Amino acid sequence: MSQIPLLTMVGEPWGDYGLIDSGHGMKLERYGDYRFIRPEPQAMWAPAQQGWDPDGEFMPASDEDGGGRWTYDRPVPQEGWPLHWNEVTFQASCTPFRHLGFFPDMAPVWDWMRAQVSDMEAPNIMNLFGYTGVGTLAMSAAGAEMVHVDASKKSVAAARDNAALSDMADKPVRWIVDDASKFVAREVRRGRRYDGILLDPPKYGRGPDGEVWKLEEDLPSLIANCRQLLDEDSRFLFLTVYAVRMSALAIGELLNQHFADLGGKVECGELTVREEARGLLLPTAIFARWSR
């Protein structure tokens, strides 16, 4: 069996986002006009600068299950504020889940997916666990016909609001509130196919009808069903995994076994963000991808 290539995908700073500095288990980021400190266990080094002076900081709870609260040194709009990535405009806000309503380390993934289908007219792409829709809109802006799936009505509503902010409300996007595994299984039974699939599953979650999602238990069957929605003319599947004790090689081998009959190549590795202060790379997640 051939070895799966290990890669690093680097999120570079852009106009409305940058990782300013990191160290001692924390990171300082800019989101438009505002600067925030958030916990970052992988920043085991010392920071480049002292006296970060943020507008706000997330103070985590003492347990390992997440939670915590934001504190502010200066006023920050609680209803959110607009940010831009290329053609996409979206709302950032300080959520109770320590992030700001999107995942900036996904920017190189959006670029990569767009490159995979750049020669196609109206490729058919599905975004599972689509959250607030920045990835959906990044692909839609490039001409894709999108299916956006998330179990949270609130997240899908935010995604639709972001589409309106981006002047993309009339783009061909199906906004689906559903359990991702159930929706994909139904798409298989319907005989549907896609040119590409993006998956960004949580470690644990619940569907709209109380369905329980556990990553280690449920990911293999979801990948198996996603494989049935792709064929010899499809271009990619991209899987990201956050906040779990799992190797990129493990999810790479999962894809390798399911996609061996389809040709193309499987790669895996780490998503990272480049720090502006020193240029070092901060790991944020692992990924595996299949592409034609």
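Here, the structure is the one placed above.
Let us look at the structure shown here. (Residues numbered from 1 in each chain as written. Predicted model: local features only at pLDDT ≥ 70, side-chain atom pairs only at ≥ 80, totals over all residues. Heavy atoms only, no water.)

Considering the pattern of salt bridges
For the structure shown, the criterion picks out 19 salt bridges. A salt bridge links aspartate 119 to arginine 235, with the nearest nitrogen and oxygen atoms 2.8 Å apart. Here the residue aspartate 119 occupies a position in the loop between helix 1 (107-116) and strand 9 (124-128), and arginine 235 occupies one in the loop between helix 5 (215-228) and strand 15 (236-241), the gap between them amounting to 116 residues. With a closest N to O distance of 2.8 Å, arginine 289 and glutamate 267 form a salt bridge. Here arginine 289 is found in strand 17 (residues 281-291), whereas its partner glutamate 267 is found in strand 16 (residues 265-274), with 22 residues between them in sequence. Given the relative accessible area of 9%, arginine 289 is considered buried. The exposure class assigned to glutamate 267 is buried, which follows from its relative accessible area of 9%. Connected through shared salt-bridge partners, Asp21, Glu275 and Arg278 make up one network. (Salt bridge = Lys/Arg side-chain N within 4 Å of Asp/Glu carboxyl O. Helix = DSSP H or I, 4+ residues; strand = E, 2+ residues; numbered from the N terminus. Buried < 20%, exposed > 50% of the residue type's maximum accessible area, 1.4 Å probe, protein only.)

Quick look at the sheet that holds strand 2 (residues 17-23)
Here five strands make up an open sheet; going across it, the order is 2-3-4-5-6 and the pairing mixed. Each having just a single partner strand, strand 2 and strand 6 (68-72) make up the two edges of the open sheet. The sheet shows a mean angle of 20° between the axes of neighbouring strands, taken without regard to direction. Inspection of the sheet shows strand 5 (residues 56-60) paired to strand 6 by five bridges, in the antiparallel sense. When the sheet's bridge partners are listed, methionine 59 is paired in strand 6 with arginine 69. (Pairing = 2+ DSSP bridges. Axes fitted to C-alpha atoms, helices over the stretch in contact; angles between N-to-C directions.)

Some details on the packing of helix 4 (residues 180-189) against helix 5
Between helix 4 and helix 5, the least distance of the axes is 9 Å, while the angle of their chain directions is 30°. The angle between the axes of helix 4 and helix 5 places the two elements in the roughly parallel class. Of the two possible hands of crossing, helix 4 and helix 5 adopt the one that is left-handed. Taken together, the residues of helix 5 that come into contact with helix 4 (itself represented by Ala180, Ser181, Val184, Ala185 and Val188) are Leu222, Asn225, Cys226 and Gln228. Of the residues contributing to the contact of helix 4 with helix 5, the split by class is six nonpolar, three polar and no charged. (Parallel < 35°, antiparallel > 145°, perpendicular 65-115°, else oblique. Left-handed = near helix turned anticlockwise from the far one by under 90°. Contact = heavy atoms within 4.5 Å. Nonpolar A, V, L, I, M, F, W, Y, C, P; charged D, E, K, R; others polar.)

Quick word on the environment of arginine 30
Summarising the element assignment, arginine 30 is placed in strand 3 (residues 26-31). In the structure, arginine 30 is positioned 13 residues away from tyrosine 17 in sequence and 5.4 Å away in space, judged by C-alpha atoms. Excluding residues within four positions of it along the chain, arginine 30 makes contact with Pro13, Trp14, Gly15, Asp16, Tyr17, Gly18, Ile20, Arg35 and Glu276. Polar side-chain contacts of arginine 30 include one of 2.9 Å to the backbone oxygen of tryptophan 14. (Polar contact = N/O pair within 3.5 Å; in protein donor to acceptor, adjacent residues only side chain to side chain.)

The quantities given are spatial measurements derived from coordinates; they are silent on function.
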